[in-house]
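Each chain, written out:
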Amino acid sequence: MLLAYLRQLKAQGKTHLAVSDDARQTLRKLYRGELSLRREPDASQPQEEAMNPAQAPADSTPGTAAPLPEATPHAPQPVPTGETAEEKLASLREQAESWPPALELGSLRKRMVFATGNPTADLVLVGEAPGFQEEKQGEPFVGPAGEKLNQILKAMGLSREAVYISNICKFRPAMPGQTTNNRKPRPEEMEACLPFVRAELEIIRPKVVVALGATAAQGLLESTESVGKLRGNWHQFTGIPLRVTYHPSYLLHSDENALGEKRKVWEDMLAVMEKLELPITDKQRGYFQRKK
Ligand code: URA
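These figures come from a predicted structure and were not determined experimentally.

Quick notes on helix H10 (residues 258-275)
For step 1, the next point in the chain: The end-to-end C-alpha distance of H10, which contains 18 residues, comes to 26 Å, matching closely the 26 Å that a straight helix rising 1.5 Å per residue would cover.
For step 2, the next point in the chain: Those residues of H10 lying buried are Ala258, Glu261, Arg263, Val265, Trp266, Asp268, Met269, Leu270, Ala271, Val272 and Met273.
For step 3, the next point in the chain: One or two steps after H10, the chain reaches Glu277, where phi turns positive at roughly 55°.

Pasting the structure below:
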């Protein structure tokens, strides 16, 4: 019904609709399957209900309002199968390979890169999207940013195998004439893959999630704030404590601020280590501080 209504407006020559913030939030929830427009019949209400003009999109033509949609199919959700976390994650991986909401966008490359690491990890790190190296090797964070991430984990006393590393977008974003160049995923590309991130976290139920960089943080937290604003506090993603930090690739550009930036990331990781109740030595506490 909603689609029919939108098609009707399009046929009338409308190319834009003003949508309030509330309506946008509702549409997002519908898309993700968190909300259904299917209502239980209510005996006290007439069954055929005309659209309340106050609910019509701001620039809809008076007199052409269609009835409220009665049912919108839920956005497709992956359904994990299997007994163990490993089996369930493997079944998600299989479903992601040919995930229509992502592939039908036409803006992502076809080779899916899922995740790597421990299916029962206490710590899950989420980046933005696979790049050239990741697509080639079929594994997240294996290029230069991955090496930096490995160093960060090592400084925490953790190995890559001990944690779970994933991306908010499971396909390398495409670009015209693309060779080794990469781009950030767009909101709709992240949105299409988010059901997988949610399902992965539902299976793993880690103690902490770390969002690596602004793109992942904004996608997970539905925020437009910078990492500078989001880091330094605990957030929640599906009830799991989430910490935001800079993307490891940010630390690859060494300039005169590099030590200060490394320290910021390290302070975020110290907070994560405390939350995970990992042992922290005095030496570790002092990493990346300027010598006095
Ligand atoms: N950057 C990311 O965010 N993810 C990767 O997998 C690689 C680089």
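Structural notes on helix H6 (residues 144-155)
For step 1, the next point in the chain: Across its 12 residues, H6 extends 17 Å between first and last C-alpha, which sits within 8% of the 16 Å expected from 1.5 Å per residue.
For step 2, the next point in the chain: For H6, the set of buried residues is Ala145, Gly146, Lys148, Leu149, Ile152, Leu153 and Ala155.
For step 3, the next point in the chain: Two residues or fewer after H6 comes Gly157, characterised by a positive phi angle close to 85°.

Side note on the site of the ligand
For step 1, the next point in the chain: Taken together, Gly127, Glu128, Ala129, Pro130, Glu134, Pro140, Phe141, Asn167 and His247 are the residues near the ligand.
For step 2, the next point in the chain: In the model, a nitrogen atom of the ligand is placed 3.1 Å from a nitrogen or oxygen of the Ala129 main chain.
For step 3, the next point in the chain: Contact distances for the ligand include 2.8 Å between an oxygen atom and a side-chain N or O atom of Asn167.
For step 4, the next point in the chain: Looking at the shell around the ligand residue by residue, the classes come out as four nonpolar, three polar and two charged.

Brief notes about the side chain of Arg263
For step 1, the next point in the chain: Relative to the helices and strands, Arg263 is located in helix H10.
For step 2, the next point in the chain: Ignoring anything within four residues of it in the chain, the contact list for Arg263 reads Leu270, Arg285, Gly286, Tyr287, Phe288 and Gln289.

Re the pairing of strand E3 (residues 123-127)
For step 1, the next point in the chain: The element E3 is largely enclosed, with a buried count of five among its five residues.
For step 2, the next point in the chain: The side-chain alternation of E3 yields two buried faces, one formed by Leu123, Leu125 and Gly127 and the other by Val124 and Val126.
For step 3, the next point in the chain: Across four bridges, the pairing between E3 and strand E4 (residues 164-167) is parallel. Opposite Val124, over in E4, you have Tyr164 as the bridge partner.

Things to note about the pairing of strand E8 (residues 240-245)
For step 1, the next point in the chain: Burial runs high along E8: six of the six residues are buried.
For step 2, the next point in the chain: Neither face of E8 is open: one carries Ile240, Leu242 and Val244, the other Pro241, Arg243 and Thr245, and all of them are buried.
For step 3, the next point in the chain: Strand direction decides the pairing type here: strand E6 (residues 208-212) and E8, joined by four bridges, are parallel. Looking across to E8, one finds that Val209 is bridged to Leu242.
For step 4, the next point in the chain: Taken together, the three bridges between strand E7 (residues 235-237) and E8 define a ladder with antiparallel strand orientation. Residue Gln236 lies in a different strand from E8, and its bridge partner there is Pro241.

A word on the side chain of Asn167
For step 1, the next point in the chain: Note on placement: Asn167 falls in strand E4.
For step 2, the next point in the chain: Look at Asn167 and you get buried, because its relative accessible area is 1%.

A closer look at the pattern of salt bridges
For step 1, the next point in the chain: Counted under the stated rule, the structure contains 13 salt bridges.
For step 2, the next point in the chain: Notably, a salt bridge pairs Arg160 with Glu139, separated by 2.9 Å at the nearest N-O pair. Of this pair, Arg160 sits in the loop between H6 and E4 while Glu139 sits in the loop between helix H5 (132-137) and H6, placing them 21 residues apart in sequence.
For step 3, the next point in the chain: When its relative accessible area of 14% is taken as the criterion, Arg160 is described as buried.
For step 4, the next point in the chain: Ionic pairing is found between Glu189 and Arg186, a salt bridge with its closest N-O pair at 3.7 Å.
For step 5, the next point in the chain: Since its relative accessible area comes to 0%, Glu189 is described here as buried.
For step 6, the next point in the chain: Overall, Arg186 belongs to the partly exposed group, its relative accessible area being 38%.

What counts, and where the lines are drawn
- Residues numbered from 1 in each chain as written.
- Predicted model: local features only at pLDDT ≥ 70, side-chain atom pairs only at ≥ 80, totals over all residues.
- Heavy atoms only, no water.
- Helix = DSSP H or I, 4+ residues; strand = E, 2+ residues; numbered from the N terminus.
- Expected span 1.5 Å × (residues − 1).
- Buried < 20%, exposed > 50% of the residue type's maximum accessible area, 1.4 Å probe, protein only.
- Near = heavy atom within 4 Å.
- Polar contact = N/O pair within 3.5 Å; in protein donor to acceptor, adjacent residues only side chain to side chain.
- Nonpolar A, V, L, I, M, F, W, Y, C, P; charged D, E, K, R; others polar.
- Contact = heavy atoms within 4.5 Å.
- Pairing = 2+ DSSP bridges.
- Salt bridge = Lys/Arg side-chain N within 4 Å of Asp/Glu carboxyl O.

Worth remembering: the numbers are spatial, not functional.
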